[in-house]
Amino acid sequence: MNKIVLGNCVELMQKIPDQRIDLIVTDPPYLVNYKDRTGRAIANDVHADWLEPAFMQMARVLKDNSFCVSFYGWTKIDLFFAAWKKAGLRPVGHVVFAKQYASSKRFLAYQHESAYLLAKGQPELPGNPLPDVLPWKYTGNKLHPTQKPVSCLTPLIESFSKPGALVLDPFCGSGSTCEAALISGRRYLGFELDPAYHAAATDRLNGGS
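A few points on the structure. (Residues numbered from 1 in each chain as written. Predicted model: local features only at pLDDT ≥ 70, side-chain atom pairs only at ≥ 80, totals over all residues. Heavy atoms only, no water.)

### Here's the deal with helix α3 (residues 77-87)
Consideration 1: Within the span of α3, buried status applies to F80, A83, W84 and A87. Down the axis of α3, the buried side of the element spans an arc of 95°, and every buried residue falls inside it. For α3, exposure combined with an orientation more than 90 degrees from the buried face picks out D78, K85 and K86.
Consideration 2: Packing partners of the buried residues in α3 comprise α2 (51-61), β3 (62-71) and β7 (112-120). (Buried < 20%, exposed > 50% of the residue type's maximum accessible area, 1.4 Å probe, protein only. Helix = DSSP H or I, 4+ residues; strand = E, 2+ residues; numbered from the N terminus. Arc of directions from axis to C-beta. Contact = heavy atoms within 4.5 Å.)

Here it is as structure tokens:
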């Protein structure tokens, strides 16, 4: 497999037969209309009309008794939970990545990222479970305004899939999940809507970055 496809993830997932994906690890838009200091933005980060259709498709293509790891926007957690529940994905764990710096400061200094571990069916328990608090490594966000560190994604992929598994990231951004899958001895499939980020991810996985 090992490819990154440009396009709308809901439309692209509709072309995948049922239960073909071993693991999903994804960082969807947080629905916060985020822009970084240089003005870079993320497509579909304002309205939630894509949220339920996307997770319905993810649940359909995911094999029974498998996992989906999803980052999320904590201010919109009600919408994310509704979408996961409707899709039949069951929260079975929550991972907090502790930062050494604050991404922003308002009522609190926000120094973490977090993701839910979602189950479809009854997956096997990992032999050596990961701790639910893990360290975070700053990427510099050179390729994407919310670029996730490969070193944080690799343990998730290794814990929740087997070597040779097919890992899907429907919102693959600059390709961090895809690179982590490759490093972990898995195959990858990534979808990205923005042509600039798709080009960066493709170049990255081809050895350019």
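### Brief notes about the sheet that holds β3
Consideration 1: In spatial order, the strands read β1-β10-β9-β2-β3-β7-β4-β8; together these eight strands make up an open sheet with mixed pairing. The open sheet terminates on both sides in strands that have one partner only, identified here as β1 (3-6) and β8 (133-135). Within this sheet the neighbouring strands show an average axis-to-axis angle of 20°, counted without direction.
Consideration 2: In the sheet, strand β2 (residues 21-26) pairs with β3 via five bridges, with the strands oriented parallel. If you follow T26 over to β3, its bridge partner there is S70.
Consideration 3: Contacts from α3 reach β3, β4 (90-98) and β7 within the one sheet, and its direction differs from that of β7 by about 15°. (Pairing = 2+ DSSP bridges. Axes fitted to C-alpha atoms, helices over the stretch in contact; angles between N-to-C directions.)

### Some remarks on the side chain of S70
Consideration 1: Summarising the element assignment, S70 is placed in strand β3.
Consideration 2: According to the relative accessible area criterion, S70 is buried, its value standing at 0%.
Consideration 3: When neighbours within four sequence positions are excluded, S70 is seen to be in contact with T26, P28, F55, W84, A115, Y116 and L118.

### Concerning the packing of α2 against α3
Consideration 1: Where α2 contacts α3, the two axes come as close as 8 Å, and the packing angle between them is 35°. Remark: the crossing between α2 and α3 carries right-handed chirality. Contacts between α2 and α3 involve L51, E52, F55, M56 and A59 on the former and, on the latter, L79, F80, A83, W84, K86 and A87.
Consideration 2: Within the contact of α2 with α3, the residues separate by chemical class into nine nonpolar, no polar and two charged. (Left-handed = near helix turned anticlockwise from the far one by under 90°. Nonpolar A, V, L, I, M, F, W, Y, C, P; charged D, E, K, R; others polar.)

Function cannot be read off these values alone, since they describe shape.
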